[in-house]
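Working through the structure, step by step
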Amino acid sequence: MFQKLLLPALLLLLAQIMNAQTVTLRGRVLDAENNRPLTDVAVVVIGTGQIGVTDQNGEFRIEGLQPGPYNLAISSKGFFPLDVSVNANGNDGPAVDFQLKRDLATDTPSTPIPTITLDEAESDSEGAGEVANLLHASRDVFQTIGGFGWSNYRFRERGYDSDQFPLYLNGVEINDPETGIAFFGEFGGLNDVLRLRESSVGLEACDFAFSEVGGATRIDTRASSQRKQIRASYALSNRSYDHRVMLTASTGLMPGGWAVTLSGSHRWAQEAYVQGTFFQGTAYFLSVDKKFTPKQNLNLTILGSPSIRGRASDSFEEMYDLAGTHYYNPNWGYQNGDKRNANVAYSHQPIALLRYDWTPTPTSSITATAYAQGGKSGFTRLEYLGGNPAPDFNRNLPSALEDPEQAALQADLLRNNESARQLDWLGFYEANRNSQETVLNANGIAGNTVTGNRAQFIIEDQRGDSKEAGFNGVISEALGQRAKIQLGAHYQWYQGRNFDTVDDLLGADYWLDINKFAQQDLPTVANARDNDVNIPNHVVRKGETFGYNYDENIRNGGLWTQVQANMRNLSVFAGGEVKINNFWRTGRLQNGRYADNSLGNSEKLNFNTYGAKGGLTYKMNGRNYLYANGFIGTRAPLFRDAFLSPRIRNEVVPGLQPSKVQSVEGGYLLRSPRLRGRLTGYLTQFKDETDASLFYLYSLGVFGTTIMRGVDRQHAGIEAALEAKPFTAWTVNAAANLGYYHYTSRPLLYVTQDNSSELIVNGATVYQDNFLVPRTPQTTGLLGLKYEGKRFWFASLTATFADDLWYDFDRTRRTAAFVETLVKDSPAWNEAIDQKKAPAAFSLDFFGGKSWKVNRNFIYLNVGVNNLLNNQNIVISGRDSYRSSYANTVEDTRLYTQELTYAFGINYFVSLTYRL
């Protein structure tokens, strides 16, 4: 009887188990040191093959579990793994907090990439419930592998300009509003406290900003987010500086809710890699947090990085050959036995940021940051009254001389006499001491006579001081468990002051502030030679302003919103932004050549722009993803492209309008324990851009401006990267960028000269369609191998390749008027119009290190050696020399040369760190 009842009872019990309601296991993973949520932490339910990954709030969900006890394996790179038992009961299961302790022996910040090493995780997670969402807090595999490996070639992602990659420091964008460039020198030397980064890649959704087509990066400087430590380090290098000392102390979050971080460094080189260059830089950092409640935190960060450095300049291949080195630098010469550089750059623009974080509810957060920045920057250069004294001045090079005998003598002089390749400081002083002149009615004062040595040569200081302030705020709100919305607002107030001062009179008594070209070209125009008609015959001495003096006034603001939804196997997002851009020029001098259009405010330029983007990601399973994103919008022109001769007049580029941007991307991503990869295709079109640049007209001997309107370009390509761990200790990296960036229009060219309001070139067509976009290699490749030893040491070897670096080209040579006297397709014709390309380049790089634990303290040694094969033929930039502008005949192809810059040969960086 018992046996007859047993089988039905077992079948009934099995049916009840099969029909039992599944539960969801929820939890949050925190940093044990500061309770900061950890993203991309892998949570494995041992024995089930089910995997969860934490989101940006440190939270994970694993659905489809039967009620009962489970063992979890929780792991993240940079932290000790955690094995823990939990009991999943009830429909929603328990909400549990887990804390991971840092693996201090690695001394690496938590890199939020899922790292799962348990055998149970090797099974496919298809059908395991919710598929983990991609987290843009992760360091992208392509950027991680290629970003550093190709930096030697000055590689730009997708060929974009710097303004397409906004950088946010503790919540506010710090790209320069005049040029769009993020100047990393403003906080150089603060490596220890700038490790916490969050990035969006390309067109993907971004939680802290609307971003641009290249993505965006945010650096978190809050003291409560910094690792608790005292850290001292020394570095030795032969690159831009030779030595670096750094000290950092961080308390972590203390009782009472306070946290403090201090950091400082000093970098220096009496002479850096290139002869005649030097570097001195000091950096400081202070961050203070006050956590009023678990939901409210206030942070104050102050940082700065004053620096001064002697610069190198590009030069002609001919000059490199004569000097016998690709690191020839024309900016220096000996003075009293010491090397002196005429081109010295300096900067100190400290930043203060006040950030407030508030989480009023578990599903909402508010971040608001206000900031202020101000300071000075500039660079010195040699100014002269007569002929150009540069040792590599193109008119004095052997190839520019028509007499073969004279050319041979000049070549022999430059090849065998080093002083002929340097600045003649003694000659400058002698010329100034032998040039006594009298200025009548000096400074516009009748009867004021000044007699003394009038400078023929001086060192001028071209200043670019600025001050700015603004704010950025972001509100995030969850819309149920599967969606959220962000709202953002930002505003920026900026004033840049640009002016010229006398840095060194080089033994003279004064500099006369007149325009030497206007004096000879416009002899009948009253006061044409005076740079300021309010101070005619202006006698200038050390530290006084002359030449030009104007302000840039820029006001930018915008609103944006974005909605993200995450479904079982699909994630979607959509967002939009509107911006108001307003700027104008304020002249502080009344220039004699433009007396009616140089002093005071220019017209105020207003541009309203928009952006819209969206995308979707298909989550095939927990390891494989397909995605597609798109963008359409407009962008206001930059201040630097908006004015004709902005140094001396208020006139605006005619027909100025916003440019248009359209972009799409799509690809495949792989995330697994032993493989990470990305394959992406992209296509971006920039239309109706304006491009302006300062230009020296050799034929007229004056400065002018070139302006191109209607510039269209297209950037298309493929990005691919793969990181594989075939064995526990070995990692293989590979990456490639196959790009094709080219111009797709024939813009109109306008060329003005400072001496006249007449256009030298008035709307000429530039035949640059299908020319290649310069300044970055378009084809790159990388293959790397890394080994990590058991006793905390590692070594890696990386081979990199770059090709299709095209030189910037002289637009005036690509007009019909320039080649109208040439025979079509003749050698002279082809030499005049063809765009030049750098040779392909290859480099082999090494990086390695080891750490030791001494009691509870740690010592770290890191060594990096770039360009192990000492390849000194890697061109990293090139441009047409414009020598043809003064040629007697454009048939003379000797004048079509380029000015080049080469990457360093073998170079190294060694650092030793001690951390308490």
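Placed above this text is the structure.
1. Structural notes on the sheet that holds strand S8 (residues 167-169)
Taken together, 4 strands build an open sheet; the order of strands is S9-S8-S11-S10 and the sheet is mixed. A strand with exactly one partner marks an edge of an open sheet, and here the two such strands are strand S9 (172-173) and strand S10 (197-201). Across 5 bridges, the pairing between S10 and strand S11 (residues 215-219) is antiparallel. Bridging across to S11, serine 199 finds its partner in threonine 217.

2. Some thoughts on the environment of lysine 660
Along the chain, lysine 660 falls in strand S35 (residues 659-671). Relative accessible area serves as the criterion here: at 36%, lysine 660 is assigned to the partly exposed category. Remark: the alpha-carbon pair of lysine 660 and isoleucine 632, spanning 28 residues in sequence, is separated by 7.8 Å. If sequence neighbours within four positions are ignored, lysine 660 has contacts with Gly633, Thr634, Gln685, Phe686, Lys687 and Asp688. Within the local environment of lysine 660, its side chain forms a polar contact with the side chain of aspartate 688, the two groups lying 2.7 Å apart.

3. Observations concerning the side chain of threonine 812
Structurally, the position occupied by threonine 812 is in the loop between strand S42 (793-803) and helix H7 (816-819). In this structure the side chain of threonine 812 is engaged in a polar contact, spanning 2.6 Å, whose partner is the side chain of aspartate 810.

4. Considerations on the sheet that holds strand S46 (residues 898-902)
What the 3 strands build is an open sheet, ordered S18-S46-S45; its pairing is antiparallel. Strands with a single pairing partner mark the edges of an open sheet, and in this sheet they are strand S18 (315-316) and strand S45 (875-880).

5. So, empty space enclosed by the protein
Counting across every chain of the model gives 4 cavities of 30 Å³ or more. Of the pockets and cavities examined, the largest cavity occupies roughly 710 Å³. Glu173, Glu212, Asn556, Lys579 and Asn581 are, among the 36 residues lining the largest cavity, the residues nearest its centre. Where the lining of the largest cavity is concerned, the elements lending two or more residues are S9, strand S26 (457-478), strand S27 (483-504), strand S30 (545-566), strand S31 (570-587), strand S33 (605-619) and strand S34 (624-635). It is S31 that provides the largest number of residues to the lining of the largest cavity, a total of 4 residues. Classifying every residue of the lining of the largest cavity gives 18 nonpolar, 11 polar and 7 charged.

About the criteria used
Residues numbered from 1 in each chain as written. Predicted model: local features only at pLDDT ≥ 70, side-chain atom pairs only at ≥ 80, totals over all residues. Heavy atoms only, no water. Pairing = 2+ DSSP bridges. Helix = DSSP H or I, 4+ residues; strand = E, 2+ residues; numbered from the N terminus. Buried < 20%, exposed > 50% of the residue type's maximum accessible area, 1.4 Å probe, protein only. Contact = heavy atoms within 4.5 Å. Polar contact = N/O pair within 3.5 Å; in protein donor to acceptor, adjacent residues only side chain to side chain. 1 Å grid on protein atoms, 1.4 Å probe; cavity = no way out; pocket = protein on both sides within 12 Å on 5 of 7 lines; lining within 4 Å. Points joined across faces, edges and corners; volume = space filled by probe spheres on them. Nonpolar A, V, L, I, M, F, W, Y, C, P; charged D, E, K, R; others polar.

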